[in-house]
Amino acid sequence: MARSGKAERELVRRQLLADGVPFAQIAVEMGRRFGVRPRVAWRYALGWEQWKAVQEYRSADPTSKIDDSRISKWESWPYGGSRPTPENLVVLTLAFGHGCKVNDLVDEDDLRSFSPTVRKLLGLVEHSPSPAASAEPRAVASGAPYPGSDWKRDLPATMTTVTAMWAADTSPSAAQAPWLAATGDAAMLHWRYDPSDEPAPGGGSRSVRPSDISGIHVMADAFAQTDHRLGGGYARSTLRHYLQESVSPLLRARRDEAGRDDLLAAVARLCDIAGFMAFDSGQQGAGQRYFVQALRLAKAAGNQALGAHILGDMTIQAVHLGEVGHATALADAAVEAAQDLGSPRVLARSLALSARASAKAGDAAGADSAMFAAEVALDGESSRDDPPWIAFFTETQLQTEALYAAVDLGRLDRVEELAATVLVDDVAMQRRHVLAAAAIAGAYVAGAGDVARGRDLDRALALLHAVLPTAAALSSARGVAAVEGVRRRVAAFGRVPGLPEFEERIRTVLGTTVAAPLTLA
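Reading guide: rules and limits
Residues numbered from 1 in each chain as written. Predicted model: local features only at pLDDT ≥ 70, side-chain atom pairs only at ≥ 80, totals over all residues. Heavy atoms only, no water. Helix = DSSP H or I, 4+ residues; strand = E, 2+ residues; numbered from the N terminus. Buried < 20%, exposed > 50% of the residue type's maximum accessible area, 1.4 Å probe, protein only. Axes fitted to C-alpha atoms, helices over the stretch in contact; angles between N-to-C directions. Parallel < 35°, antiparallel > 145°, perpendicular 65-115°, else oblique. Left-handed = near helix turned anticlockwise from the far one by under 90°. Contact = heavy atoms within 4.5 Å. Nonpolar A, V, L, I, M, F, W, Y, C, P; charged D, E, K, R; others polar. Salt bridge = Lys/Arg side-chain N within 4 Å of Asp/Glu carboxyl O. Phe/Tyr/Trp six-rings, centres within 6.5 Å; stacked < 30°, edge-to-face > 60°. Lys NZ or Arg CZ within 6 Å of the ring centre and 35° of its normal. Core = buried A, V, L, I, M, F, W, Y, C linked by side-chain atoms within 4.5 Å. pLDDT = per-residue confidence, 0-100. Expected span 1.5 Å × (residues − 1). Arc of directions from axis to C-beta.

### Notes on the overall build of the chain
Helix and strand counts for the chain come out as 25 helices and zero strands. Here the chain holds 521 residues, and 52% of them are scored as buried.

Set out below in structure tokens:
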């Protein structure tokens with residue numbers, strides 16, 4: 001069920017507040033996003049109902065006798081209602097607080113209703129028309145929040161956000177950007193319920209050629225393979241440079257409707273890969289913003305399969321962060337998007353990630369049901385509708401997802417059953433190998449009872465010893481944190497034979513330790 005307008009406004013408001021956006025800018029965003037005029041936008045920015053505005057107005061002017069209907073009339077003017085007097089506007093600024101000025105509470109229609117003398121008295125100035133949306137990247141001011149957390153309703157504004165996000169990727173705000181469940185919730189709702197986009201042909205001096213789009217696909221494949229093999233940090237800066245220098249000009253180029261969808265889908269995939277790289281590198285907020293914009297572009301392209309895949313990546317991140325309820329909702333949306341596509345692999349992956357989210361939530365029945373459905377989907381005949389980029393989701397990858405679910409459900413027997421299949425050293429999937437090994441080792445530690453403790457801890461350390469050189473070759477904060485997390489859990493048992501030698505080897509091979517908890521992905 002779609003959230004009400006009030007609920008969506010509150011999601012947006014909280015998200016912007018958490019990003020440190022001032023109330024004046026939140027009011028501007030409320031007006032832009034929800035199509036309301038300044039006095040209503042300020043009330044929305046503060047999260048007030050009309051009765052609250054009345055209460056605060058009376059506090060600012062104890063002699064006032066206004067009620068809810070008066071606030072409503074002022075908000076409606078000049079399209080009905082009654083015009084607020086200059087004194088009313090001044091008291092409203094006091095009621096709203098947070099630096100609100102009279103000029104913030106009026107628009108062009110209001111200005112036309114005031115005489116020049118009143119406008120001068122109140123210090124009112126003509127509002128400059130908003131510049132047309134442009135895909136030109138703009139520098140983010142020092143101290144400004146990292147862009148990309150909000151879902152723009154029109155495509156040109158989305159292009160502006162995406163290119164600004166790329167341009168600011170190296171700024172301190174990118175590294176410090178918070179991950180917020182509300183950001184993912186809002187994006188998921190827009191994905192599911194917003195109407196399709198109108199064509200936006202672009203206005204550059206050159207046209208997008210088919211070779212441009214095929215080139216993006218080739219580069220996306222290369223970046224995805226590098227991410228799987230070497231971790232998110234290895235080529236992240238290279239991808240960022242490619243987006244800014246090679247892809248950004250294409251967003252401003254002319255394109256027909258068919259070319260538009262192909263281009264947007266290709267760029268959406270690059271944004272998704274960049275998001276996963278950021279997530280794997282420990283920049284959770286930046287990763288989430290890339291995912292949100294990837295999903296927005298997939299929506300604009302009408303690409304359900306890619307949307308399901310992006311929602312799946314967002315699910316993995318939420319599971320990693322322990323945001324179980326959010327992970328479950330994202331996984332449900334991914335499965336919904338993947339239904340009836342005719343792509344067995346996209347559906348199987350979505351279902352497998354749903355099983356992981358359910359297992360993380362302790363819902364064994366839900367996890368088992370989703371995993372069984374994933375196995376059935378993948379067992380079907382290969383379909384021509386499988387996108388090329390989903391080829392990585394093989395039977396081994398499905399078994400790896402089943403392994404993670406078994407670990408979270410505490411099923412050591414099932415973990416041991418899957419270990420032989422999952423621990424095949426695939427040179428193309430080195431990060432998966434490290435994460436799976438750490439998950440299995442973690443299961444051994446969790447199952448170390450009084451009788452079997454020595455044997456299980458020995459097995460955990462032996463597995464970590466074996467995978468350490470691979471972990472050292474990765475540029476993956478998650479991979480290193482997973483190994484270090486199991487080491488700390490072993491150390492919690494006290495004097496464990498072989499642990500000092502392993503700790504020395506960690507210092508030698510990795511050069512440092514990571515203070516993050518064990519997580520799976």
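### Here we look at unusual backbone geometry
With an omega of 5°, the peptide bond between W77 and P78 qualifies as cis. With respect to the element layout, P78 can be found in the loop between α5 (68–76) and α6 (86–96). One non-glycine residue with positive phi stands out, namely H98, at about 55°. Within the element layout of this structure, H98 appears in the loop between α6 and α7 (108–113). Although it is not a glycine, D340 adopts a positive phi angle of roughly 65°. Topologically, D340 is positioned in the loop between α17 (324–338) and α18 (344–360).

### Re the packing of helix α11 (residues 181–193) against α17
Between α11 and α17, whose axes approach to 11 Å, the crossing angle comes to 20°. Of the possible angle classes, the one that applies to α11 and α17 is roughly parallel. Crossing geometry of α11 relative to α17 is assigned as left-handed. Of the residues in α17, those in contact with A181, G184, D185, M188, W191 and R192 of α11 are H326, A329, L330, A333, E336 and A337.

### As for the packing of helix α15 (residues 284–301) against helix α16 (residues 304–320)
The description of two helices packed together rests on the angle between their axes and the distance between the axes. The interhelical angle for the contact between α15 and α16, taken along N-to-C directions, is 160°, at an axis separation of 9 Å. On the basis of their axis angle, the class for α15 and α16 is roughly antiparallel. Judged by the sense of rotation from one axis to the other, the crossing of α15 with α16 is left-handed. On the side of α15, the interface is formed by Q284, G287, Q288, F291, A294, L295 and A298, while α16 contributes L306, G307, I310, L311, D313, M314, Q317 and H320. When grouped by side-chain class, the residues that make up the contact of α15 with α16 number eight nonpolar, six polar and one charged.

### Let's talk about the pattern of salt bridges
The final tally for this structure, using the stated rule, is 32 salt bridges. For D313, the salt bridge identified is with R349, shortest N-O distance 2.6 Å. Of the two residues, D313 is situated in helix α16 and R349 in helix α18; the sequence distance between them amounts to 36 residues. Among the residues examined, D313 registers a relative accessible area of 4% and is labelled buried.

### Some details on the packing of aromatic side chains
Enumeration over the complete set of coordinates arrives at six aromatic pairs. Geometrically, the ring pair formed by W48 and F96 is tilted, given 5.7 Å between the ring centres and 45° between the ring planes. Here F96 lies in helix α6 and W48 lies in the loop between α3 (38–46) and α4 (50–60), a separation of 48 residues in the sequence. Taking relative accessible area as the criterion, W48 reaches 14% and is therefore assigned buried. F96 gets classed as buried once you look at its relative accessible area, which sits at 4%. Relative to F393, the ring of F392 has its centre 6.4 Å away and its plane inclined at 90°; by these criteria the two rings are edge-to-face. By relative accessible area, F393 is classed as buried at 0%. Three or more aromatic residues link up through ring pairs in this structure, and these residues are W42, W48 and F96. One Lys or Arg, R9, reaches over the ring of Y44 and ends 3.8 Å from the middle of that ring. Cation over ring: R459 sits above Y444, and NZ or CZ is 3.9 Å from the ring centre.

### Quick word on the nonpolar core
One finds W166, L239, V267, L270 and V483 to be the most contacted residues of the largest nonpolar core, which totals 124 residues. Aside from chain neighbours lying at most four places away, what touches L270 is I216, A220, F223, L239, Y242, L243 and V247. Counting residues in hydrophobic clusters, the runner-up holds 30 residues, among them V21, V40, A45 and F114.

### Observations regarding the confidence of the model for the chain
A low pLDDT score tells you not to read the predicted coordinates there in detail. A residue-level look at the chain finds 87% of positions with pLDDT of 70 or above and a mean pLDDT of 85. Overall, residues 126–142 carries pLDDT values under 50, and its contacts beyond four positions in sequence, including any with other chains, amount to 34 contacts. Scored below 50 in pLDDT, residues 513–521 shows 31 contacts in the model against residues more than four places distant or in partner chains.

### Focus: α18
In this model α18 runs 24 Å from its N-terminal to its C-terminal C-alpha over 17 residues, within 8% of the 24 Å that 1.5 Å per residue would give. Within α18, 15 of the 17 residues are buried, leaving the element largely enclosed by the surrounding structure. In the segment just after α18, G362 is the residue with positive phi, at about 80°.

### Looking at the environment of W191
Along the polypeptide, W191 turns up in helix α11. In this structure the C-alpha to C-alpha distance between W191 and A300, which are 109 residues apart in sequence, comes to 9.5 Å. The residues touching W191, leaving out its near neighbours within four places in the chain, are W151, L295, A298, K299, N303, Q304, G307, L311 and A337.

### Digging into helix α21 (residues 412–422)
Residues of α21 that are buried include every one of V415, L418, A419 and V422, and no others. Along the axis of α21, the buried residues cluster in a sector spanning 130°; they form a single face. Structural note: α21 exposes D413, E417 and A420 on the side pointing more than 90 degrees away from its buried face. Buried-residue contacts for α21 involve α20 (395–408) and α22 (430–446).

### A few points about the side chain of R37
As for its placement among the helices and strands, R37 is situated in the loop between α2 (23–34) and α3. Leaving out residues up to four positions away in the same chain, R37 has contacts with E75, S76, W77, P78, Y79, D107, D109 and D110.

### With respect to the environment of Y242
Tracing the chain through its elements places Y242 in helix α13 (residues 236–251). Relative accessible area serves as the criterion here: at 14%, Y242 is assigned to the buried category. For the pair Y242 and W166, spaced 76 residues apart in sequence, the C-alpha to C-alpha distance is 9.8 Å. Filtering out sequence-adjacent residues up to four positions away, Y242 remains in contact with G215, I216, M219, F223, V247 and L270.

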